[in-house]
Amino acid sequence: MVKALLLSAALAFAAAGCTYVSSPIGTNAERRLLSNRLSDAEFGGQTTDGGKSMRFAVFEGALPVAPVSVPMLQSYHDLPGVNVRLNGKRTVEMLADTGAQLCILDADAVLAAGGRAHVPSRIQVSVTGIGGNEEAWLARFDKAEVAGIELPNFTTLVRRQKTVVRLGPLAVRTMAINLLGCPVFLAFDHVTFDYPGRRLIFSGHTPFVPSHNARRIPLTVSGQLIYVPLHIGKKTVQAMVDTGAKDQIFLNTKTVQTFGLHPFAQAGGSYRAIGLGGETAGRQFLVPLAFLGEAPVRNITVDTAESEAWQARIGSELLQRWKVTFDFRSGALWLESPGS
């Protein structure tokens, strides 16, 4: 069996005094998920790369021409979220997460909405979060509705773990992690994260028209994720744009060394963050000036930790300074000032 790793990053900073762990959903929940499972033939999909990965459509159907605007929900620790209606039965607030290579749902949400699980016979699926790896299955819904747009045959990962918040030895509560991943956004002509206006705008086929003061940053897509050039000093790295991450900028320790920033990291403070797989910790320091493309950004907080999964990412605490548009048609990330 070959393991496929699907990335998702930090979605919140950890509260003092609490610990966050991934715990199995249990045999009863797994038995319920498997009671109406899809076979390989029913699910479809193709194994690729010599059996190392699997290819399938995240959803089917046509998108509307005109842009659709919906409220940006912020119950995920002030990160951008959107309501998604599954099978017409269950509305789930999902984190609008460009840092996730697939959509991800907790098992409770899949069961409540009547999603059908699929366990591929030729590939083992897991998801890599900041706290480590979790095993997962796939799930398919007859339809999902996002911003009133119907997405038939909507496919996600279903977690086989749940995130438990502990205060000492006591389990206080579970924390839902439901992610609307990057492939959904990539299907649109453009998507706007209007952080100041607290709106999300989805455009199926209408081109984006930037305001006169918008800053254009070249955007590339690789592995179902979005990257832009980040310059600090004389060094440049392609940074993943991760709306599901709480930090401003993350650089792994190797990149911090390469950029000559390790003295700042050693003199800085520390942080803890939570996400899929549990929690992690690292160093935190300030950088007075960096550039996204040619757009200057000042007084940036940089988080750093050991990471093989992420070299560099840009999170929502930096993006929230602007109205941010992912213009996939023209290969650009547009930054507009509030009120533009």
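Before going into details, it helps to say that this report is about the structure given with it. Because the structure is predicted, anything quoted here is derived from the model rather than measured.

### Overview of the pairing of strand 24 (residues 249-252)
At step 1: Side chains of strand 24 alternate between two faces, with Ile249 and Leu251 and Phe250 and Asn252 buried alike.
At step 2: Two elements, strand 24 and strand 27 (residues 295-305), share 4 bridges in a ladder whose sense is parallel. By the bridge assignment, isoleucine 249 is partnered in strand 27 with valine 302.
At step 3: Relative to strand 28 (residues 312-315), strand 24 runs antiparallel, the two sharing 3 bridges. Within the sheet, the bridge partner assigned to leucine 251 lies in strand 28 and is alanine 312.

### Some points on a nonpolar patch on the surface
At step 1: Side chains of Leu167, Leu170 and Val172 sit close together on the surface and give an oily, nonpolar patch of about 280 Å² of accessible area.
At step 2: Mapped onto the secondary structure, valine 172 falls in strand 16 (residues 170-175).
At step 3: Residue valine 172 is classed as partly exposed on the basis of its relative accessible area, which comes to 48%.

### As for the pairing of strand 28
At step 1: Neither face of strand 28 is exposed, since Ala312 and Ile314 on one face and Arg313 and Gly315 on the opposite face are all buried.
At step 2: Of the strand pairs in this sheet, strand 23 (residues 235-242) and strand 28 are connected by 3 bridges, and their pairing is parallel. Looking at the pairing, methionine 240 lines up with arginine 313 of strand 28.

What counts and what doesn't
Residue indices begin from 1 for each chain and proceed along its sequence in written order. Residues qualify for local features only when their pLDDT is at least 70, as the model is predicted, and side-chain atom pairs are given and counted only at 80 or more; totals for whole chains, interfaces and linings, by contrast, use all residues. Here the side-chain values reflect all heavy atoms present in the structure, with hydrogen atoms and water set aside. Summary of the burial criterion: residues with accessible area below 20% of their type's maximum are buried, those above 50% are exposed, and those between are partly exposed, where the area comes from a 1.4 Å probe applied to protein chains only. For the purposes of this entry, the term helix denotes a DSSP run of H or I that reaches at least four residues, the term strand denotes a run of E that reaches at least two, and both are numbered from the N terminus. For two strands to be treated as a pair, DSSP must find no fewer than two bridges joining them. The residues that make up patches have over 30% relative accessible area and no salt bridge, and they are joined within 9 Å when like-charged or within 5 Å when they are Val, Leu, Ile, Met, Phe, Trp or Tyr. In these tables, accessible area is a Shrake-Rupley quantity obtained with a 1.4 Å probe, and a residue counts as shielded only by the protein chains included in the view. Put simply, a salt bridge is a Lys or Arg side-chain nitrogen that is within 4 Å of an Asp or Glu carboxyl oxygen.

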